[in-house]
Amino acid sequence: MAYIRTPIDSQVTYRRQCRSSPRCIVVALSVSFIAFNWIAFHAFKSQFSFDDNYNPLSTDSSGKPLPPNWLDTATERSRGYRASKDWQGQWYRWRALNPSKIEQRTDDLTKFDIVYTWVNGSDPLFQTMRLDSQTNHPMFQKYLRENAKQIDTTTKRRYRDMDELRYSLRSTIDYASNLFRRIHIVTTEVAPNQPQIPSWLIEKPDSPVQIVSHNTIFRNSSHLPSYNSLAIESQFVNIPDLTDIFMYMNDDIFLGLKLLPSDLWTPLYGYVLHMEASLLIPPIVRYFDPNAITVGEWHSLQYSNYLLSQRFGPRHRAYIAHVIHVLSVSMLKEIQSIWPKELEMTSAHQFRGEGQGKDIHVSFFTAHYIMEKLRETQLESFWQYRLDTNQDGILDWEERRVLIDRINVWNVNQDQPKYARRQHSRPTMIHAHKTTLDRIGIRMSGTTVYRQSGLDGFPHLLRNADTSKTIPTETVKDKNGKDVLPQWPYGNYEPVNDRKCKLDVNFCFGLDFVDPTYPQIPAEHAKRIFSRLAFKEFHCGDCLLEILMQDPYRGGMGAWMPEDETSEAFANVVEKVARYNYVLGTSDYSFMALQGAKGAKKDLDNLLARRDQKAFFCINDDFPDDPVVENEIQTLFKDFLDTRFPLPSPYEKIE
Ligand SMILES: *[C@@H]1O[C@H](CO)[C@@H](O)[C@H](O)[C@H]1NC(C)=O
Ligand SMILES: *[C@@H]1O[C@H](CO)[C@@H](O)[C@H](O)[C@H]1NC(C)=O
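Residues numbered from 1 in each chain as written. Chains lettered and ligands numbered in written order. Predicted model: local features only at pLDDT ≥ 70, side-chain atom pairs only at ≥ 80, totals over all residues. Heavy atoms only, no water.

- The protein chain is annotated in an unreviewed UniProt entry as Stealth protein CR2 conserved region 2 domain-containing protein of Linnemannia elongata AG-77.
- Among the UniProt annotations of the protein chain, the heading Sequence similarities (unreviewed entry) holds the following wording: "Belongs to the stealth family." (UniProt positions renumbered as here; feature names shortened; annotations may be inferred.)

### As for the overall build of the protein chain
- If you tally the helices and strands in the protein chain, you get 24 helices and 20 strands.
- Here the protein chain, with 655 residues, has 60% of them falling under the buried criterion.
- Here the analysis covers contacts within the protein chain between residues at least 6 apart in sequence; of these, 83% occur between residues at least 24 apart.
- Summed over its atoms, the accessible surface of the protein chain is roughly 26,000 Å², and 52% of this surface lies on carbon and sulfur atoms. (Helix = DSSP H or I, 4+ residues; strand = E, 2+ residues; numbered from the N terminus. Buried < 20%, exposed > 50% of the residue type's maximum accessible area, 1.4 Å probe, protein only. Contact = heavy atoms within 4.5 Å. Areas by Shrake-Rupley, 256 points an atom, 1.4 Å probe, with all protein chains shown as cover.)

### With respect to the site of ligand 2
- Surveying the vicinity of ligand 2 reveals the residues Asn220, Ser222, His223, Glu344 and Ala348.
- Taking Asn220, its side chain carries an N or O atom lying 2.4 Å from an oxygen atom of ligand 2.
- Within the side chain of His223, an N or O atom sits 2.9 Å from an oxygen atom of ligand 2.
- Contact with the protein chains covers 31% of the free accessible surface of ligand 2, which is 360 Å².
- Partitioning the shell around ligand 2 into residue classes produces 1 nonpolar, 3 polar and 1 charged. (Near = heavy atom within 4 Å. Polar contact = N/O pair within 3.5 Å; in protein donor to acceptor, adjacent residues only side chain to side chain. Nonpolar A, V, L, I, M, F, W, Y, C, P; charged D, E, K, R; others polar.)

### A few points about the site of ligand 1
- With respect to spatial proximity, the complete set of residues near ligand 1 consists of Trp118, Asn120, Ser122, Asp123, Pro124, Asp163, Ile197, Pro198, Ser199 and Trp200.
- Here an oxygen atom of ligand 1 and a backbone polar atom of Ser199 are 2.8 Å apart.
- Here the residues of the shell around ligand 1 are counted per class, giving 5 nonpolar, 3 polar and 2 charged.

### Notes on the nonpolar core
- In terms of nonpolar packing, the biggest core is built from 169 residues, with Tyr92, Phe236, Trp383, Phe509, Phe513, Trp560 and Ile619 touching the most fellow members.
- Mapped onto the domain boundaries, this core takes at least three residues apiece from domain 1 (109-370 + 586-644) and domain 2 (385-585).
- Leaving out residues up to four positions away in the same chain, Phe509 has contacts with Trp383, Leu403, Ile407, Leu503, Ile529, Leu533 and Leu544. (Core = buried A, V, L, I, M, F, W, Y, C linked by side-chain atoms within 4.5 Å. Domains from an automatic or database assignment.)

### Things to note about the state of the cysteines
- All chains considered together, the criterion is met by 2 disulfides.
- In this model, Cys508 is linked to Cys540 through a disulfide, with the two sulfur atoms separated by 2.0 Å. Around the S-S axis, the bridge from Cys508 to Cys540 shows a dihedral of about -75 degrees and counts as left-handed. A residue pair is termed long-range when its members are at least 10 positions apart, and Cys508 in helix H18 (residues 505-509) and Cys540 in helix H21 (residues 538-550) qualify at 32 residues. For the pair formed by Cys508 and Cys540, the shared burial category is buried.
- In the protein chain, the cysteines engaged in disulfides, taken in order along the sequence, are linked 1-4, 2-3. (Disulfide = S-S within 2.5 Å.)

### Examining helix H13 (residues 340-348)
- The complete set of buried residues in H13 reads Glu342, Leu343, Thr346 and Ser347. Taken end-on, H13 shows its buried residues confined to a sector of 140 degrees, consistent with a single buried face.
- On its buried face, H13 is in contact with helix H10 (229-233), helix H11 (298-312) and helix H12 (329-338). (Arc of directions from axis to C-beta.)

### As for the pattern of salt bridges
- Scanning the entire structure with this criterion turns up 26 salt bridges.
- Here Glu563 ties to Arg386 by a salt bridge, and the two come within 3.5 Å at their closest N and O atoms. With Glu563 in the loop between H21 and helix H22 (568-580) and Arg386 in helix H14 (residues 362-387), the pair connects residues that are 177 residues apart, well separated along the chain.
- Put simply, Arg401 and Asp405 hold a salt bridge, and the shortest N to O gap is 2.5 Å. Taken together, the positions of Arg401 and Asp405, both in helix H15 (residues 397-413) and 4 residues apart, correspond to about one turn of that helix.
- On the basis of relative accessible area, Asp405 is assigned to the partly exposed category, the value being 34%.
- Each of the salt bridges in this network shares a partner with another, and the network as a whole consists of Arg315, Arg317, Glu372, Arg375 and Asp542. (Salt bridge = Lys/Arg side-chain N within 4 Å of Asp/Glu carboxyl O.)

Take a look at the structure:
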């Protein structure tokens with residue numbers, strides 16, 4: 001059984017990864033229009049505010065200063081590689097690699113753990129417990145009276161156990177045995193100290209497959225029992241003995257091709273994030289239906305993006321592909337220290353939809369947090385160490401003029417034909433990454449293709465963003481009366497040197513900055529300009545970063561990293577880059593919902609026929625609560641799984 005059922009699930013069914021072909025873009029756009037229409041006919045009300053004096057770099061979400069040592073610096077060791085300014089600095093700054101300097105640990109820490117969430121919804125003890133919780137829960141009082149049958153059907157579907165975990169686990173053994181160190185199955189307790197255990201699982205203290213009870217990981221046990229996957233995910237940070245980087249799997253996800261650690265993270269290129277750049281989440285909470293019985297992912301995604309937007313700027317952010325989620329304990333700890341109240345609230349929501357769906361969506365949140373932090377690191381480093389040449393905190397006219405001149409040259413260059421713009425382009429960060437990784441003994445599985453590195457500029461920079469004004473957060477009507485986004489970001493597939501942007505210095509930096517008669521911008525004022533440019537007017541910050549990285553003459557890492565490679569500043573920036581480094585990766589996958597027997601047979605046969613292509617597939621049971629249909633589909637599904645994953649895993653009892 002799996003938790004996550006979303007209203008958009010059926011719309012992304014069978015959507016293939018889009019290259020930038022026109023047909024694909026049309027498909028991608030229409031998928032997004034559907035999503036937007038779904039929410040857009042509800043009155044739009046802006047809830048977004050951004051305080052110009054708010055300093056997002058050093059406070060938590062309620063404005064309390066973060067402790068000076070809030071970054072946990074032990075990260076790198078727990079990833080199996082020892083951080084060293086030596087090799088990392090040379091690598092980021094010059095793409096120079098000295099394999100002998102990379103101290104790689106040979107123990108199993110170079111592998112990552114896998115976390116599953118699972119409950120057995122068919123267990124009568126679980127059903128009684130759930131019914132009990134619902135009966136006592138204010139959110140359900142009304143429905144229990146009015147609509148008992150409907151609620152029963154939806155929850156039944158949500159918790160139906162079709163033995164997915166057994167086969168999903170077989171798929172990870174078949175395809176990811178070189179990736180994982182340990183598998184943690186996070187599950188509920190149906191009685192004190194009695195977690196649910198899959199009937200087929202061989203339990204041994206030293207087994208790599210371990211059961212972790214919700215009671216172990218919930219910091220506040222008064223929030224239990226929990227039926228809200230988002231609440232459970234919010235507590236992953238407390239799973240004992242978890243590798244820093246881990247893969248989160250739902251039991252309705254099956255692997256179909258080989259996975260290696262490099263599908264999640266590498267010491268050279270960082271996290272591998274899977275994003276759906278064609279499906280965007282708005283930066284504001286547009287709509288919440290207090291009467292909805294089932295609550296999909298949308299509310300938590302919107303709420304999460306609302307929180308991210310308050311800190312990093314109000315942009316539409318990409319849906320995180322419903323495949324393999326890479327998570328990290330150290331990132332979760334960071335998020336926890338910045339949004340403690342919000343995570344506590346998420347944990348307290350026993351059922352999804354409680355508290356107006358104000359839940360942090362951990363996978364979405366973490367991925368975007370990483371992207372934003374790398375961007376912040378780059379921009380901040382430029383602002384602090386390169387723009388302010390003499391490091392006195394004050395921006396004098398000469399310092400500003402250098403930047404303004406450079407931007408003017410860039411802007412003119414943007415109107416040149418592509419071949420002229422590309423003439424001097426430097427190799428991207430991920431250029432020849434396979435051979436480079438090979439040099440330090442890391443293999444790629446071929447299942448994930450690295451598309452873009454966050455170090456080459458912000459990947460989801462807006463297409464032709466108008467940097468002379470603020471980007472509207474709401475949709476606009478197109479000529480057919482449809483609600484559309486005024487500006488779309490670049491996707492995962494565009495080569496970085498195809499991207500274009502022009503930076504309006506007057507709007508982005510403000511009139512003081514561009515005024516030669518204004519001799520000195522004091523430090524406090526400079527900070528405000530930075531905060532506005534980098535976050536509030538995020539399209540300005542994106543374009544500045546693009547200029548820093550892609551300027552054919554002076555662009556590259558040297559444009560924003562501290563110049564003196566022996567300085568403490570350089571070491572600090574390197575440490576942050578190592579922490580937040582990422583690439584966007586893509587893999588071929590299928591997402592399907594079993595709705596009727598006939599369609600299900602066709603879809604499942606199709607999956608078998610394409611077994612060499614699909615890296616992952618996710619199968620939802622979405623069929624009606626009719627015993628005949630149920631029986632038929634369950635038989636089909638079981639046949640499919642037995643054909644696809646016939647070999648019992650070493651952790652299964654022999655029956
Ligand atoms: C789920 O619970 C049912 C009923 O107790 C049991 O028959 C079944 O074996 C359980 N499934 C798993 C995977 O443990
Ligand atoms: C535990 O959660 C409850 C309900 O949300 C709250 O009232 C209580 O203060 C929390 N306890 C702690 C120790 O945080």
